[in-house]
Amino acid sequence: MDEYTEIHEKLDFLLEDHGIKFDDSHFDKQTLHSLHVKADKLLKAHKCTIPEGDESVGALQPKLNRLISGHGKTFDASDLDPESLNTVVEKLTVLVGAHGEHS
């Protein structure tokens, strides 16, 4: 499974767990834009301000950090590359785990 597919599966789980219906059939799922749109939907569900930024991997990091802290979790990514999709996968794994604790 490629990283985009894995990230979308985790984001889809989180969106569904929040009761958010989201049709992504019109998105190219191999783009950063599609990841940002879903992360923004999650931030809105948590009533968080969406950080300004471009649609880079690095700009996903503060969004995911807000979601992680909003779930009462911490994640030390200091040894991870902020421009790597693998870092996004690691952070989403923490979020999915946080939702599993509350199901």
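Data block above holds the structure.
A quick note: this is a predicted structure, and the numbers were derived from the prediction, not measured.

1. Focus on the pattern of salt bridges
- Enumeration over the complete set of coordinates arrives at 4 salt bridges.
- We note a salt bridge from lysine 38 to aspartate 24, for which the minimum N-O separation is 2.6 Å. In this pair, lysine 38 is assigned in helix α2 (residues 32-45) and aspartate 24 in the loop between α1 (3-17) and α2, connecting sequence segments 14 residues apart.
- With a relative accessible area of 12%, aspartate 24 lands in the buried category.
- Sharing partners across several salt bridges, the network here consists of Asp12, Asp24, Lys29 and Lys38.

2. Regarding the nonpolar core
- Counting 19 residues, the largest nonpolar core has Ile7, Leu35, Val88, Leu92 and Leu95 as the members making the most contacts within it.
- Elements supplying a minimum of two residues to this core: α1, α2, α3 (57-70) and α4 (85-101).
- Among all residues touching leucine 95, those that are not within four sequence positions of it are Leu14, Leu64, Leu67, Ile68 and His71.

3. Some thoughts on the side chain of serine 56
- Here serine 56 lies in the loop between α2 and α3.
- Exposure remark for serine 56: the relative accessible area of 19% places this residue in the buried category.
- The contact partners of serine 56, leaving out residues within four places of it in the chain, are Leu32, His36 and Glu83.

4. Some thoughts on unusual backbone geometry
- In this model, lysine 47 sits at a positive phi of 60°, which is unusual for a non-glycine residue.
- With respect to the element layout, lysine 47 can be found in the loop between α2 and α3.

5. Some details on the packing of α1 against α2
- For the pair α1 and α2, interaxial distance at closest approach is 10 Å and the crossing angle is 20°. Classified by the angle between their axes, α1 and α2 sit roughly parallel to one another. Considering the relative orientation of α1 and α2, their crossing is left-handed. For the pair α1 and α2, contact is made by Tyr4, Ile7, His8, Leu11, Asp12, Leu14 and Leu15 and by Leu32, Ser34, Leu35, Lys38, Lys41 and Leu42, respectively.
- Tallied by class, residues from the contact of α1 with α2 come to 8 nonpolar, 2 polar and 3 charged.

About the cut-offs
Residues numbered from 1 in each chain as written. Predicted model: local features only at pLDDT ≥ 70, side-chain atom pairs only at ≥ 80, totals over all residues. Heavy atoms only, no water. Salt bridge = Lys/Arg side-chain N within 4 Å of Asp/Glu carboxyl O. Helix = DSSP H or I, 4+ residues; strand = E, 2+ residues; numbered from the N terminus. Buried < 20%, exposed > 50% of the residue type's maximum accessible area, 1.4 Å probe, protein only. Core = buried A, V, L, I, M, F, W, Y, C linked by side-chain atoms within 4.5 Å. Contact = heavy atoms within 4.5 Å. Axes fitted to C-alpha atoms, helices over the stretch in contact; angles between N-to-C directions. Parallel < 35°, antiparallel > 145°, perpendicular 65-115°, else oblique. Left-handed = near helix turned anticlockwise from the far one by under 90°. Nonpolar A, V, L, I, M, F, W, Y, C, P; charged D, E, K, R; others polar.

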